[in-house]
Amino acid sequence: MKQLSKRIKDLREAKGLSTEELAEAIGFAKSTVWAYESGKKQVSVVHLERLADYFEISVDSLLDRDERTINVDLQNTSFLNDYNLMLDDQPLNQTEIAEAASFIQVKRRMGSYGAATS
């Protein structure tokens, strides 16, 4: 909680805002911003989202957590059913995913995409 309080204050100060200005910008009471920054009040999930959106960072970043990495095998179609992969706000179907994986493999073999494999 102490880290989050400091993080909110640091982000606010980095933007050159007073507690009043931040409160007004995101629709919080000034006392709420002050309570969050002083650690007197726990930040609600809704307010975490609004703060992250305002500062244009992820909630994980706001909480000073490492971004979570998910290893996805594009060739394991049964595993892919658990995820909704998107491109241009449209879900990818299994044929498109297979084509993308094949394209990447060819590019890697050619040595023009990431680390070339032999």
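Bear in mind that the values here come from a model prediction, so they are computed numbers and not experimental data.

Rules behind the numbers
- Residues numbered from 1 in each chain as written.
- Predicted model: local features only at pLDDT ≥ 70, side-chain atom pairs only at ≥ 80, totals over all residues.
- Heavy atoms only, no water.
- Helix = DSSP H or I, 4+ residues; strand = E, 2+ residues; numbered from the N terminus.
- Rg over C-alpha atoms; globule rule 2.2 N^0.38 Å.
- Buried < 20%, exposed > 50% of the residue type's maximum accessible area, 1.4 Å probe, protein only.
- Contact = heavy atoms within 4.5 Å.
- Areas by Shrake-Rupley, 256 points an atom, 1.4 Å probe, with all protein chains shown as cover.
- Lys, Arg positive; Asp, Glu negative; His and termini not counted.
- Charge placed at Lys NZ, Arg CZ, Asp CG, Glu CD.
- Axes fitted to C-alpha atoms, helices over the stretch in contact; angles between N-to-C directions.
- Parallel < 35°, antiparallel > 145°, perpendicular 65-115°, else oblique.
- Left-handed = near helix turned anticlockwise from the far one by under 90°.
- Nonpolar A, V, L, I, M, F, W, Y, C, P; charged D, E, K, R; others polar.
- Core = buried A, V, L, I, M, F, W, Y, C linked by side-chain atoms within 4.5 Å.

Q: How should I be thinking about the overall build of the protein chain in this particular structure?
A: Each helix and strand in the protein chain was counted, giving seven helices and two strands. Listed by position from the N terminus, the elements making up the protein chain come as α-α-α-α-α-α-β-β-α. The globule rule puts the C-alpha radius of gyration for 118 residues at 13 Å, and the 21 Å found for the protein chain is more than 25% above it. Seen through its C-alpha atoms, the protein chain measures out along the principal axes to roughly 60 × 30 × 25 Å. Out of the 118 residues belonging to the protein chain, those deemed buried represent 22%. Restricting to contacts in the protein chain with at least 6 residues of sequence separation, those with at least 24 account for 39%. Per element, the accessible surface of the protein chain, about 8,700 Å² overall, is 47% carbon and sulfur. Distance between charge centres in the protein chain, computed from 15 positive and 19 negative side chains, equals 8 Å.

Q: What is the right way to read the side chain of His-47 from this model?
A: Secondary-structure assignment places His-47 in helix 4 (residues 45-55). Owing to a relative accessible area of 17%, His-47 belongs among the buried residues under this scheme. If sequence neighbours within four positions are ignored, His-47 has contacts with Phe-28, Thr-32 and Tyr-36.

Q: How should the packing of helix 2 (residues 19-26) against helix 3 (residues 30-38) be read in this particular structure?
A: When two helices pack together, you describe them by how their axes are tilted relative to each other and by the distance separating the axes. One way to put it is that helix 2 packs onto helix 3 with a least axis distance of 8 Å and a crossing angle of 115 degrees. On the basis of their axis angle, the class for helix 2 and helix 3 is roughly perpendicular. Two packed elements cross with a definite hand, and for helix 2 against helix 3 that hand is right-handed. Judged by residue contacts, Thr-19, Glu-20, Leu-22 and Ala-23 of helix 2 engage Lys-30, Val-33 and Glu-37 from helix 3. Residue composition of the contact of helix 2 with helix 3, by class: three nonpolar, one polar and three charged.

Q: Explanation requested: the nonpolar core in the structure shown.
A: Generally speaking, soluble globular proteins have nonpolar side chains that are buried together. The biggest cluster of nonpolar side chains holds 16 residues, and the ones touching the most others in it are Leu-4, Ile-8, Leu-22, Phe-28, Val-43, Leu-51 and Leu-62. Listing elements by their share of this core, those giving two or more residues are helix 1 (2-14), helix 2, helix 3 and helix 4. It is helix 4 that provides the largest number of residues to this core, a total of four residues. Residue contacts for Leu-51: discarding those within four places in its chain leaves Ile-8, Ile-26, Phe-28, Val-43 and Leu-62.

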